[in-house]
Amino acid sequence: MGGHDGERRGDAKPALVEAFSTFGSDALRDVWLFDQRDHEELYLRDDVGEKIADVDVPRFVDNERYGYVTRDTYADLYYADYGYTVRGFDGFEQFRTFLADGDEKVGVFGSFDHREGGYDFSALDAAVSAVVADYPIEAFAPGRTEK
């Protein structure tokens, strides 16, 4: 992982949101970090916040944690490395990836309004990877603020 000193660690999460925002522009709905124990909302568009006011967000994030298992399964059984998952919902698409291997496993997901012609999610994956390369993985841990 990257080489920023402790002062710059606080820039990691805003840089991650910026990568999602640059990719999706006004279509960006939300961005969340999660690990095995915790989750953190990094960005939530107002209208989406209203829609999820009655949603059990911790339960939704728990479902995303199953991705740790499938990622490990792909690593053991498949000839190619896992990159990301995209799910289509009525009205939006959700992108999920993982920021690190090993003991410090941090996942990120975000969603975007449907767009005619769709999205090139491999470009978002590359942008996320570029941000992650600039910071220690601990800077992305949910619920922790490091400056």
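Cut-off values and rules
- Residues numbered from 1 in each chain as written.
- Predicted model: local features only at pLDDT ≥ 70, side-chain atom pairs only at ≥ 80, totals over all residues.
- Heavy atoms only, no water.
- Helix = DSSP H or I, 4+ residues; strand = E, 2+ residues; numbered from the N terminus.
- Buried < 20%, exposed > 50% of the residue type's maximum accessible area, 1.4 Å probe, protein only.
- Contact = heavy atoms within 4.5 Å.
- Pairing = 2+ DSSP bridges.
- Core = buried A, V, L, I, M, F, W, Y, C linked by side-chain atoms within 4.5 Å.
- Axes fitted to C-alpha atoms, helices over the stretch in contact; angles between N-to-C directions.

Visitor: What should I look at first to understand the overall build of the protein in this one?
Guide: If you tally the helices and strands in the protein, you get four helices and five strands. Seen in sequence order, the protein has helices and strands lined up from the N terminus as α-β-β-α-α-β-β-β-α. Relative to its full complement of 147 residues, the protein shows a buried share of 40%. If you take every contact in the protein between residues at least 6 apart in sequence, the share linking residues at least 24 apart comes to 66%.

Visitor: What exactly am I supposed to notice about the pairing of strand β3 (residues 85-89) here?
Guide: Remark: a regular strand shows side chains that alternate across the two faces of the sheet. For β3 and strand β4 (residues 92-98), the ladder comprises five bridges, and the chain directions are antiparallel. Note on β4: the bridge partner recorded for G88 is E93. Hairpin connection from β3 to β4: two residues lie between these consecutive antiparallel strands, with G91 at a positive phi of about 105 degrees.

Visitor: It is not clear to me how the nonpolar core should be interpreted in this structure. Could you clarify?
Guide: Across soluble globular proteins, you tend to see nonpolar side chains buried next to one another. With 27 residues, the main nonpolar core has L16, F20, L33, L99, F112, L124 and F140 as its most contacted residues. Counting residues per element, this core draws most heavily on helix α1 (residues 12-24), which supplies six residues. When near neighbours in sequence (up to four residues on either side) are disregarded, L16 contacts L33, L42, L99, V108, V128, V131 and F140.

Visitor: Can you walk me through unusual backbone geometry in this structure?
Guide: What you tend to see is this: most non-glycine residues have negative phi, and most peptide bonds are trans. If you check the backbone angles, S25 has positive phi at about 55 degrees while not being a glycine. Considering the arrangement of structural elements, one finds S25 in the loop between α1 and β1 (28-34).

Visitor: Help me understand the sheet that holds β4, please; the structure alone is not making it clear to me.
Guide: Pairing between sheet strands relies on hydrogen bonds along the backbone, with the strands arranged either parallel or antiparallel. The sheet built from five strands is open, its strands ordered β2-β1-β5-β4-β3 with antiparallel pairing. Looking at which strands have only one partner, the edges of the open sheet turn out to be β2 (39-44) and β3. Each strand of the sheet is rotated relative to its neighbour by a mean of 15 degrees, with strand direction disregarded. Across the face of the sheet, helix α3 (residues 57-77) comes into contact with β1, β2, β3, β4 and β5 (107-113) while running at roughly 50 degrees to β4.

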